[in-house]
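# Coordinate inspection notes
Chain residues, written in single-letter form:
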Amino acid sequence: MTAQGEHATSTTAADVPRRNWAGNVRYAARAFHRPTSVDELRRLVARSSRIRAVGSGHSFNRFGDTDGDLVTLAGLPPVVDLDRERGQVTVSGAMRYGDLARHLHTQGYALANLASLPHISVAGAVATATHGSGETHGNLASAVAGLELVTADGDLLRVDRDADTFAGMVVGLGALGLVTRVTLDVVPTFELRQYVLLDLDREALDEALGSAYSVSVFTDFRSPRLREVWRKQVADQPPPPADWLGTTAANGPRHPVLGMPAENCTPQLGEPGPWHERLPHFKLGFTPSSGDELQSEYHLPRTAAADALAALDDVAHLIAPVLLVSELRTVAADELWLSPNHQRDSFVLHFTWVDDTAAVLPVVAQVEERLAPFAPRPHWGKVFVTDPAELAARYPRYADFAALLRNLDPTGTFRTELLDRYFPR
């Protein structure tokens, strides 16, 4: 192995990503590390003045960037510890959801929901409140029952739901410590069927979103009608009728982004299969989405769906030219302090943009201006330009998190430039 930078660890240049998944962020770290034990990680954190962890690199902004040390936890010993009595599993923070899901299924268990792609790491997805869809399902962080993390002084801290600050630590933006293990609630394994329905009238959106276990609706803002409904229903639920909500059934597999290969996507056409092969849109062994892209996402009150879409009609001519696809989803409320779903059921507007930051950012600003009356909360790991004071006002526990951050990291070991902008010292 080759030592990297002034803090030498067992790593090679190929072991730690230098860019995020989309390629729009090149990490500014002075040194890159891949520790092979928790003790090695603790020593690394204790002697570093500035350090961050990188997971699957699926964030599209610089919350995870640092000018100090960047570390991947993928070299730590893998952990999958299933507690059948408690209905929980404890896993390595760096584990991908897709790998965890396969293991759980073989043991007769499942997670209640998954994100649209299974390639993301557990710790990273939890830290940013990444989510799937379903009116009765919380985001991925809402399934967390416990955390183990290395704090700024190199200590190992374990917290669970009994801790007073637990709800503030789960969606922690990587700012409170490096998460080595996560304990998640599990449920018995189950089967789903996935149907794709075409050309939904906007007036039927609310009914469509609440019609199955997990529902995603795709649109391109080029038409007032909504292009596709991806309906993931329990296997024993009757299939949607031929004229379901005025749609027509797709006559073959689809990809959410026009022109991309459908073979990258999970099975459709009503073919039954295990939960982890239907809840994500994309297969673990294939490139998710389009690859070359930027993403933004806004969480609004669930009741605002129709009004929010109507508010964007005036800027649809700006959105469409730089948009690959927009996804509409729902997420249930939770009590996590920095969750975009904190204390409100949510309607979620997601935008997959072309890979052109200069062209996209002005449109993002226009979108945020139109959505402002609905107090949108942006996804922490995606592209947004929200004013820090406005964002703080949308989270009842924002000041509590800022205090927790100062308490756990008084010297700014896990601080980044973007974190300082939204949580100034």
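The complete set of buried residues in helix 2 (residues 97-106) reads Tyr97, Gly98, Leu100, Ala101 and Leu104. End-on, the buried residues of helix 2 take up no more than an arc of 160°, which puts them together on one face. On the buried face of helix 2, the contacting elements are strand 4 (80-83), strand 5 (88-92), strand 6 (109-110), helix 3 (122-127) and strand 9 (178-185). Gly108 sits one or two residues past helix 2 and shows a positive phi near 85°.

Counting 106 residues, the largest nonpolar core has Trp353, Trp380 and Phe423 as the members making the most contacts within it. Top contributing element to this core by residue count: strand 11 (residues 191-200), with six residues. Residues in contact with Phe423, not counting those within four places in the same chain, are Leu173, Leu338, Trp380, Tyr398, Phe401, Ala402, Leu405 and Arg415. Core analysis: the second largest hydrophobic core is formed by 11 residues, Leu41, Ile51, Val71 and Phe414 among them.

Let's shift gears to the pattern of salt bridges. For the coordinates displayed, the defined rule picks out 25 salt bridges. Residues Arg302 and Glu135 are paired through a salt bridge, measuring 2.6 Å at the closest nitrogen-oxygen approach. In this pair, Arg302 sits in the loop between strand 16 (294-301) and helix 6 (305-311) while Glu135 sits in the loop between helix 3 and strand 7 (144-150), placing the two residues 167 residues apart along the sequence. Using a relative accessible area of 15% as the deciding quantity, one classes Arg302 as buried. Residue classification places Glu135 among the partly exposed residues on the basis of a relative accessible area of 33%.

Ordered by their spatial adjacency, five strands build an open sheet running 4-5-9-7-8, and the pairing between neighbours is antiparallel. The open sheet has two edge strands with one neighbour each: strand 4 and strand 8 (156-160). Looking at each pair of strands side by side, their axes are set apart by 15° on average, direction ignored. Examined bridge by bridge, strand 7 and strand 8 share five bridges and lie antiparallel to one another. Within strand 8, the residue paired with Gly146 across the bridge is Asp160.

Once that is clear, we can look at the side chain of His137. Turning to its location among the elements, His137 is positioned in the loop between helix 3 and strand 7. On the basis of relative accessibility, which here comes to 10%, the residue His137 falls in the buried class. Within the structure, His137 has its side chain in polar contact with the backbone oxygen of Tyr213 (distance 3.1 Å).

On to the pairing of strand 4. Inspection of the sheet shows strand 4 paired to strand 5 by four bridges, in the antiparallel sense. From the neighbouring strand, Val80 faces strand 5, where its bridge partner is Val91. Between strand 4 and strand 5, which pair antiparallel one after the other, the connecting turn spans four residues, and Gly87 there sits at a positive phi close to 70°.

With that out of the way, let us pick up the sheet that holds strand 2 (residues 51-54). The sheet built from three strands is open, its strands ordered 1-3-2 with parallel pairing. Where the open sheet ends on each side, the last strands, each with one partner, are strand 1 (31-33) and strand 2. Going across the sheet, the axis of each strand differs from the next one's by a mean of 25°, ignoring polarity. The pairing of strand 2 with strand 3 (residues 69-72) spans four bridges and is parallel. Bridge pairing in strand 3 links Ala53 to Val71.

Right, let's get into the packing of aromatic side chains. Going through the model one piece at a time under the given rule, you end up with 15 aromatic pairs. Consider the rings of Phe218 and Trp230, whose centres lie 5.5 Å apart with planes at 65°: the pair is edge-to-face. Separated by 12 residues along the polypeptide, Phe218 in strand 12 (residues 214-219) and Trp230 in strand 13 (residues 226-234) bring together distant segments of the chain. Using a relative accessible area of 0% as the deciding quantity, one classes Trp230 as buried. Each residue in the set Phe63, Trp380, Phe384, Tyr395, Tyr398, Phe401, Tyr422 and Phe423 is aromatic and connected to the rest through ring pairs, giving one cluster. Over the ring of Phe32 we find Arg18, and its NZ or CZ is 3.8 Å from the ring centre. Sitting over the face of the ring of Tyr395, Arg377 holds its NZ or CZ atom 5.0 Å from the ring centroid.

Basis of the calculations
Residues numbered from 1 in each chain as written. Predicted model: local features only at pLDDT ≥ 70, side-chain atom pairs only at ≥ 80, totals over all residues. Heavy atoms only, no water. Buried < 20%, exposed > 50% of the residue type's maximum accessible area, 1.4 Å probe, protein only. Helix = DSSP H or I, 4+ residues; strand = E, 2+ residues; numbered from the N terminus. Arc of directions from axis to C-beta. Contact = heavy atoms within 4.5 Å. Core = buried A, V, L, I, M, F, W, Y, C linked by side-chain atoms within 4.5 Å. Salt bridge = Lys/Arg side-chain N within 4 Å of Asp/Glu carboxyl O. Pairing = 2+ DSSP bridges. Axes fitted to C-alpha atoms, helices over the stretch in contact; angles between N-to-C directions. Polar contact = N/O pair within 3.5 Å; in protein donor to acceptor, adjacent residues only side chain to side chain. Phe/Tyr/Trp six-rings, centres within 6.5 Å; stacked < 30°, edge-to-face > 60°. Lys NZ or Arg CZ within 6 Å of the ring centre and 35° of its normal.

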